[in-house]
Amino acid sequence: MMSRLGLALFAGWVVILATTPLFAENYIVRTAIMIAMYSALALSWNIIGGFTGYPSFATVAFFGVGCYVGGIAQRAGVPMALAWAIATVAVGAMAAALGAIILRLKGHYFAIGSIAIVEVCRLVISSWRSVTGGGDGLNVPLLRWHPDAVAQFFLLVMIGIMLAAFVMNALVDRHRLGFGLKCIRQNEDAADMVGVDTTRYKIVGFTLSALLCGTVGAAYASWVGYIDPTDSFQILMTVKVPVMALMGGAGTVLGPALGAAAFVILEEIFWANFLEWNRAILGAIIVALIFFLPGGLLNISWRRAARRLRGRESAEAPA
Amino acid sequence: MSAPLLELEAVTRSFGGIRAVDGVSMRLNEGEVVGLIGPNGAGKTTLVNVITGVHTATSGRVRFRGEDVTAQRPFQAARRGLCRTFQIVQPFPEMTVLDNVAAGAMFGGRIDAIGAAREAAREHLEFVGLAPLSDKPASALTLAARKRLELAKSLAMKPKVLMLDEVNAGLNSAEIDGALELIRKIAARGVTILLIEHLMKVVLSVTERVLVLHHGALIAEGEPHAMVRDEKVIEAYLGEKYAKRYREAAGV
Ligand SMILES: Nc1ncnc2c1ncn2[C@@H]1O[C@H](COP(=O)(O)OP(=O)(O)O)[C@@H](O)[C@H]1O
Ligand SMILES: [Mg+2]
């Protein structure tokens, strides 16, 4: 459960992101869009990786397929918003079908299976030239507005998706679905024995973790106006998203948003100042995270805040 | 006799070449407390696993209230009220004791809302005497407390048949007396119990009927006091050679 303080800080943060165009330069607005986009992805990942404890690396498969389904639909003359909706549903259906197969695997095997999904999607998209343009990529119809207006628009769109992902997390956290997923994370056999339909719950969790990635992908395609397999299926994105969620606190409702913001900002700073070392620094963050922050940023500050603010009120663990 | 609550027909479960359960036929009637005894490796836990869908019978049938449930999955068994505790306890370690039991109430006991499930969980924790530890993580409990947690979790699932797999193993004698008292109270609620137990004191004091399993097969069935004097049973436990010596020593 979230503290009021956390919720208020999050609301303030959303307002800051949404109003960047009023006070900041284009580069900052672009960073705000990336923060909102990665927050949506990390919050989505949280459902399967955080609540359920299944280390999925399939995020970029959902994102990439979302890019293509949305882009192809728009090229076929479907209005933009409808194209995004189609991408969302298509990616959800794909996740449900693939989930039924790979969720039989556990631990490392599941992780590898989820990476295989990325590779298969990338292969299918690059080989299916007649529809996807293969390696040449596809142009997606651009919004013919002033560039600043376009940036503002997509900032609000990405923030909207981020909020949807946030609400989804909050609802799952309170619903028996979330309770069941947490049981699965702790002891899957015991969850089964206690009456949780683990197969169905995992598939629902995996599907929820995919849906909004599809929306983000389709919106991204409309924003940048050009997609190709390399850009849409970056393996780096699939690693970054879980790292963000873990950095903030996987399995908490606010952690992934915090982690995504911290990560994107750090990355921008490093990217700007140490171009050569960017990846090395990503690696260092991952290692540091594993060693020093197993519970994520949110869990340290949460514990301290809880102790300070409420004395010894019976504390529900944030996870 | 009325129709049995739970009925096994020639149930066999093999692992590779080993028949862990071998052609077992048995019945449990509503409200009975039945003991299931037998030496280590006799197949007692495997039998419970077959009844609760953890393992599927290689051949034979399991019927619950007349319905064929041989192929059920564990979560379906749980929802039907075929509940069990584990010889090796299976908590959700990082969840609170309360939420462990609430999970049982919510999924097995079919209480939809988290709040209501926690309410029900409190009652069960009160019943097993764990209420003061409700807010502790399950991993912080002692073995005896974990066994009680298992019990509370199973009770929250609204059991029709409760299978207790060595709930007393590893407990000291004061703890065993406490557990015995609990088993009696649960039986008094009308829950049908299948009690797997090594301690004859416990078996003799709570069960009405005892089944004896040896090498996967039922070798004897009957009144508890008769069973502990039964030759085949003594032999199964002690081995032929020692059984003979035991008989000589006892002057039988
Ligand atoms: N999952 C399994 N795989 C292989 N063999 C098993 C499995 N479960 C139990 N067995 C074997 O079945 C036999 C009966 O075991 P078990 O049911 O645990 O006995 P008990 O509970 O009476 O001590 C043993 O020989 C055991 O090794
Ligand atoms: Mg056993």
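See above for the structure.
Here is what the cut-offs are and how they apply
- Residues numbered from 1 in each chain as written.
- Chains lettered and ligands numbered in written order.
- Predicted model: local features only at pLDDT ≥ 70, side-chain atom pairs only at ≥ 80, totals over all residues.
- Heavy atoms only, no water.
- Pairing = 2+ DSSP bridges.
- Helix = DSSP H or I, 4+ residues; strand = E, 2+ residues; numbered from the N terminus.
- Contact = heavy atoms within 4.5 Å.
- Axes fitted to C-alpha atoms, helices over the stretch in contact; angles between N-to-C directions.
- Salt bridge = Lys/Arg side-chain N within 4 Å of Asp/Glu carboxyl O.
- Buried < 20%, exposed > 50% of the residue type's maximum accessible area, 1.4 Å probe, protein only.
- Donors = N, O, S within 2.8 Å, 3.2 Å for Na, K, Ca; no water.

K.L.:
How should I be thinking about the sheet that holds strand E2 (residues 18–28) of chain B in this particular structure?
P.N.:
Strands in a sheet are paired, the pairing made by backbone hydrogen bonds, and the direction either parallel or antiparallel. Residue and element names in this part refer to chain B. Here we have 4 strands laid out as an open sheet, ordered E2-E1-E4-E5, and antiparallel in their pairing. Every other strand in the sheet has two partners, leaving E2 and strand E5 (67–68) as the edge strands with one partner each. In the sheet, strand E1 (residues 6–15) pairs with E2 via 7 bridges, with the strands oriented antiparallel. Residue pairing across strands places Ser-14 opposite Arg-19, the latter belonging to E2. Contacts from helix H1 (residues 44–51) reach E1, E2 and strand E4 (59–64) within the one sheet, and its direction differs from that of E1 by about 115°.

K.L.:
Sorry, what's going on with the pattern of salt bridges here?
P.N.:
Opposite charge on two side chains lets them pair, provided their charged atoms get close. Residues and elements named next belong to chain A. In the structure shown here, the tally under the stated rule is 20 salt bridges over all chains. Glu-188 is the partner of Lys-106 in a salt bridge, and the nearest nitrogen-oxygen pair spans 3.9 Å. Highlighted residues: Lys-106 in the loop between helix H4 (80–102) and helix H5 (107–127) and Glu-188 in helix H9 (residues 188–193), separated in sequence by 82 residues. By relative accessible area, Lys-106 is classed as partly exposed at 43%.

K.L.:
Help me understand the coordination of the magnesium ion (ligand 2) in this model?
P.N.:
Geometry reference: four tetrahedral donors at a metal, ideal angle 109.5 degrees. Six octahedral donors, ideal angles 90 or 180 degrees. Residues and elements named next belong to chain B. Here the magnesium ion (ligand 2) is held by Thr-45 (OG1) and Gln-87 (OE1), and the distances to it run 2.0 to 2.3 Å. Highlighted residues: Thr-45 in helix H1 and Gln-87 in the loop between strand E6 (82–84) and helix H3 (97–107), separated in sequence by 42 residues. For Thr-45, a relative accessible area of 27% gives the class partly exposed.

K.L.:
I keep staring at unusual backbone geometry and nothing clicks. Help me out?
P.N.:
The general pattern is negative phi for most residues beyond glycine and trans for most peptide bonds. One non-glycine residue, Arg110(B), adopts positive backbone phi at about 60°. Along the chain, Arg110(B) turns up in the loop between H3 and helix H4 (114–128).

K.L.:
Explanation requested: the environment of Gly239(B) in the structure shown.
P.N.:
Residue and element names in this part refer to chain B. Summarising the element assignment, Gly-239 is placed in the loop between helix H9 (231–238) and helix H10 (240–250). On the basis of relative accessible area, Gly-239 is assigned to the partly exposed category, the value being 27%. Spatially, the C-alpha atoms of Gly-239 and Leu-204 are 22 Å apart, while their sequence positions differ by 35 residues.

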